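One letter stands for each residue in the lines below.
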Amino acid sequence: MIEYDTLHIKSRRSSEETRRLDEIKPIVHVLEQRVALYDSIESLKELTKKDNNDEEIKKMIKEEAQIYLSRLTEVDDDLKSILLEPCVTNGGIVLEVTAGAGGQESMLFAKELFELYQSYAEYKEWEVDIASIEKSDIGGIRKASMLMKGYGAPEFMRMEAGVHRVQRIPVTEKGGRIHTSTVSVAVLPQATEMELDIPAKDIIVETKRASGAGGQHVNTTDSAVRLIHTPTGTTVECQEGRSQIKNKEIAMEKLRALLLQKQIEEQSSKINSERKAQVGSSNRNEKIRTYNYPQDRVTEHREGGVNIPSLKIFMEGGEQLEKLQESLLRQQRYEILAAEVNEFISKNQIES
């Protein structure tokens, strides 16, 4: 409330201060209601202390107290709801899907998962650019990446980072046995030009003809682009678009994301990088979510997750995935808030 008052009376505010003011305004509004209710309850307490034997007044005080206490419960629920509401921003990420344990079956599911995220981005009305797809012999995906931009993309898609486990009878299985395979998903923050400026002298640009299906266009146009960042040796490729200019733009976005990630890893004292923390070693026991086809069920293994009864609908990439991500984000907010409260309590206990 003090922070809000300080920002509110400022004649000129920075964009960050304006954002913060908008963020805490609904919290302060509820807190003001809470303070007013406490003042009203205190006033009633003062009335009860007075030597008053009038039964009618005592009855009125009791009824009024119940109204205030009931309203206080509602206000606390409102406060909890506001505090746990996911904070989302307008930004971008680079999403990588990599086949893990399970051979060809893992690659086939990697393709389905990649398509799920494409459909979900369409549902959320996000901008999507396919950066790279490395296909397998029977139509699956070994590794693929895409760029996503839009409101909520960084926060919602971060909930997808980790190992996804699938249990089903593969199309290549003749004995009818259920196989367990894994697919790893990594989500990297997408850097803007302001956040990460890469000098042109540090980049080697190579062009070549795109490989794969595509008719005459593939054979005649040098549309595929490879960028090499000489100081770090980081290499990215993009050949999914028909335009060399567009492929270069997508490759630059991906390069920025990778270099930003390297900066984060260097600044962090953690031994494991963010990507390794997200995808682990792709073992079957490191899963965040299981897709069980025989039981037509999606099971979320993280705290705050909800089980999805219809796997087929979930794989369409719509409302069910959105609800699951919202639930996970609220749980994450709760854990952060609980840690802050416990830290505050501990600090004040020590001081007193």
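Conventions adopted
Residues numbered from 1 in each chain as written. Predicted model: local features only at pLDDT ≥ 70, side-chain atom pairs only at ≥ 80, totals over all residues. Heavy atoms only, no water. Salt bridge = Lys/Arg side-chain N within 4 Å of Asp/Glu carboxyl O. Helix = DSSP H or I, 4+ residues; strand = E, 2+ residues; numbered from the N terminus. Buried < 20%, exposed > 50% of the residue type's maximum accessible area, 1.4 Å probe, protein only. Phe/Tyr/Trp six-rings, centres within 6.5 Å; stacked < 30°, edge-to-face > 60°. Lys NZ or Arg CZ within 6 Å of the ring centre and 35° of its normal. Pairing = 2+ DSSP bridges. Axes fitted to C-alpha atoms, helices over the stretch in contact; angles between N-to-C directions.

Participant: Before we go on, may I ask you to explain the pattern of salt bridges in this structure?
Facilitator: If the charged atoms of two oppositely charged side chains come close together, the side chains can form a pair. In this structure the tally under the stated criterion is 20 salt bridges. For Arg 226, the salt bridge is made with Glu 237, and the minimal N-O distance between the two is 2.9 Å. In this pair, Arg 226 is assigned in strand S7 (residues 224-229) and Glu 237 in strand S8 (residues 234-238), connecting sequence segments eleven residues apart. Under the relative-accessibility criterion, Arg 226 is labelled partly exposed at 26%. Lys 323 is paired through a salt bridge with Glu 319; the nearest N and O atoms lie 3.3 Å apart. With Lys 323 and Glu 319 both in helix H10 (residues 319-351) and four residues apart, the pair spans about one turn of that helix.

Participant: How should the packing of aromatic side chains be read in this particular structure?
Facilitator: When we look at a pair of aromatic rings, we describe it by the centre distance and by the angle of the planes. The tally for this structure, following the rule as stated, stands at four aromatic pairs. Judged by centre distance (5.6 Å) and plane angle (85 degrees), the ring pair of Tyr 120 and Trp 126 falls under edge-to-face. For the pair Tyr 291 and Phe 314, a centre-to-centre distance of 6.1 Å together with 55 degrees between the ring planes defines the contact as tilted. With Tyr 291 in strand S9 (residues 287-292) and Phe 314 in helix H9 (residues 311-314), the pair connects residues that are 23 residues apart, well separated along the chain. Accessibility expressed as a relative area gives 0% for Tyr 291, which makes it buried. With a relative accessible area of 0%, Phe 314 lands in the buried category. Among the aromatic residues, ring-to-ring pairing joins Phe 109, Tyr 291 and Phe 314 into one connected group. For Lys 124, the ring lying beneath its charged end belongs to Phe 156, and the centroid distance is 4.2 Å.

Participant: Explain the sheet that holds strand S3 (residues 141-151) to me, please; I cannot follow it from the model alone.
Facilitator: Hydrogen bonds along the backbone pair up the strands of a sheet, which may run parallel or antiparallel. Strand order in the open sheet formed by seven strands is S2-S3-S1-S5-S4-S9-S10, with mixed pairing between adjacent strands. With partners counted over all chains shown, the strands left at the sheet margins are strand S2 (127-135) and strand S10 (297-300), one partner each. Averaged over all pairs of adjacent strands, the angle between strand axes in this sheet comes to 20 degrees, irrespective of strand direction. Inspection of the sheet shows strand S4 (residues 162-168) paired to strand S5 (residues 179-189) by seven bridges, in the antiparallel sense. Looking at S5, one finds that Arg 168 is bridged to His 179.

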